[in-house]
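Chain by chain, the residues run as shown.
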Amino acid sequence: MNDKLGLDFTNLVAICTDGAPAMCGKTIGVVTLLEEFIGRQITKHHCIIHQQVLCSKVLKFEHVMSVVVSIVNYIHSRGLKDRTFRAFLEGEDTECSNLIYHTEVRWLSQGRVLQPFVALKDDVAKFLENGPIKFPELENECWNQDLFLFYDITAHLNDLNIQIQGKNQLIFQMCAAVKAFKMKLKLFRSQLSKGEMCHFPTCAQRIPQHKHAALGEKYAKHINLLIEEFDRRLTLSKDDEVQLKLIEDPFSVDPEEVPLDLQLEVIELHCSAVYRSKHRESSLWDFYKSLADEKYKNLIDVALKTFSIFGSTYICEQTFSIMNMNKNVLL
């Protein structure tokens, strides 16, 4: 394998997968076969972005999304209808100029579909009122309330998704973003159970104040499902949490909690005012480059391994998207 592809697996530290059996299978999965080939264990984990998307699927709002998709597809189903709708919007002086198709495989698709739909909902209802196909949900109060809640929570989920995307994301930065989001969810649950919708702007604006208490209690249960799913899928083991904390902020860890070969080096580091100042004033990469190689050999080694871990398959997904775009252009 090395000879054919010219690959050197000596410095391979970890593998990030999409969780598919072909990658993670215990017998013939890619990771298993690779471990057998190189003769050692590899740190492996499921893409954080993919897991975040899977967590969002615990929200049971298919009755909302199916109607939205049906309406969008109906309006865009014929060129004449689509052009008529655009012309109608021009005469209504709206914020958005058109609706967007939903694509299940795209991470941010739901939020991008819902944003113009919610903004244009009254205009869409007006446009469809004399049409041959009726969508009674547009006039249904309960359905509209669910739509507003689903849009607001999807916006929060999309914000997290965007935050953990990118080429230069370090794994502990992504984990910190997820941890912060889990804390936000607990805040949302607490506030909704009290009838407070300050972090759900569409709900706060579109739903009458006197209904916030009853609906807040109902929607707090949905947030609780989301919390449980995030805890199930995206909770680090104690050892992983200590390692990430050690590299991100070595001055905040207890030397007794770190591996034995790092304890003396961490104590030395804690007692250095110079390095403490450098850690505060420079980037993490520059900080670890400034450490004395011999004195902090093990700590530097762990830092390099941690920096090399991919927290998501973002670069692969982006590459596939670019290849598809180029292919479509050529066709």
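Above: the structure in question.
Residues numbered from 1 in each chain as written. Predicted model: local features only at pLDDT ≥ 70, side-chain atom pairs only at ≥ 80, totals over all residues. Heavy atoms only, no water.

Draft legend 1. Here's a closer look at the packing of aromatic side chains. A complete count under the given rule lists 14 aromatic pairs for this structure. Geometrically, the ring pair formed by Tyr288 and Phe307 is edge-to-face, given 5.8 Å between the ring centres and 75° between the ring planes. Taken together, the residues span a long stretch of sequence, with Tyr288 in helix 16 (residues 284-290) and Phe307 in helix 17 (residues 297-307) at a distance of 19 residues. Three or more aromatic residues joined by ring pairs make a cluster, and in this case those are Phe172, Phe251, Tyr275, Trp285, Phe287, Tyr288, Tyr296 and Phe307. (Phe/Tyr/Trp six-rings, centres within 6.5 Å; stacked < 30°, edge-to-face > 60°. Helix = DSSP H or I, 4+ residues; strand = E, 2+ residues; numbered from the N terminus.)

Draft legend 2. Up close: helix 13 (residues 238-248). Buried within helix 13 are the following residues: Val242, Leu244, Leu246 and Ile247. Buried positions along helix 13 lie against helix 10 (171-193), helix 14 (260-270), helix 16 and helix 17. (Buried < 20%, exposed > 50% of the residue type's maximum accessible area, 1.4 Å probe, protein only. Contact = heavy atoms within 4.5 Å.)

Draft legend 3. Region of interest: the environment of Lys186. Mapped onto the elements of the fold, Lys186 is located in helix 10. In this structure, the C-alpha to C-alpha distance between Lys186 and Gly39, residues 147 residues apart in sequence, is 43 Å.

Draft legend 4. Fine view of the nonpolar core. In terms of nonpolar packing, the biggest core is built from 88 residues, with Phe117, Val124, Ile153 and Phe230 touching the most fellow members. If you tally residues by element for this core, the top one is helix 10, at ten residues. Filtering out sequence-adjacent residues up to four positions away, Ile153 remains in contact with Leu59, Leu185, Phe188, Phe200, Ile223 and Leu226. With five residues, the next largest nonpolar core counts Ile15, Val31, Leu34 and Ile42 among its residues. (Core = buried A, V, L, I, M, F, W, Y, C linked by side-chain atoms within 4.5 Å.)

Draft legend 5. Up close: the pattern of salt bridges. What the rule picks out here adds up to ten salt bridges. In this structure, the salt-bridge partner of Glu35 is Lys44, at a minimum N-O distance of 2.9 Å. In this structure, Asp301 and Lys305 form a salt bridge, with 3.5 Å as the shortest nitrogen-oxygen distance. Remark: Lys305 and Asp301 occur in helix 17; sequence separation between them is four residues, near one turn of the helix. (Salt bridge = Lys/Arg side-chain N within 4 Å of Asp/Glu carboxyl O.)

Draft legend 6. The arrangement of the packing of helix 4 (residues 48-56) against helix 9 (residues 141-163) in detail. Closest axis-to-axis distance for the helix 4/helix 9 pair is 10 Å, and the angle between their directions is 175°. In terms of their interaxial angle, helix 4 and helix 9 are classed as roughly antiparallel. Every residue of helix 9 that contacts helix 4 at Ile49, Gln52, Val53 and Ser56 is listed here: Leu157, Leu160 and Asn161. The class makeup of the residues in the contact of helix 4 with helix 9 is four nonpolar, three polar and no charged. (Axes fitted to C-alpha atoms, helices over the stretch in contact; angles between N-to-C directions. Parallel < 35°, antiparallel > 145°, perpendicular 65-115°, else oblique. Nonpolar A, V, L, I, M, F, W, Y, C, P; charged D, E, K, R; others polar.)

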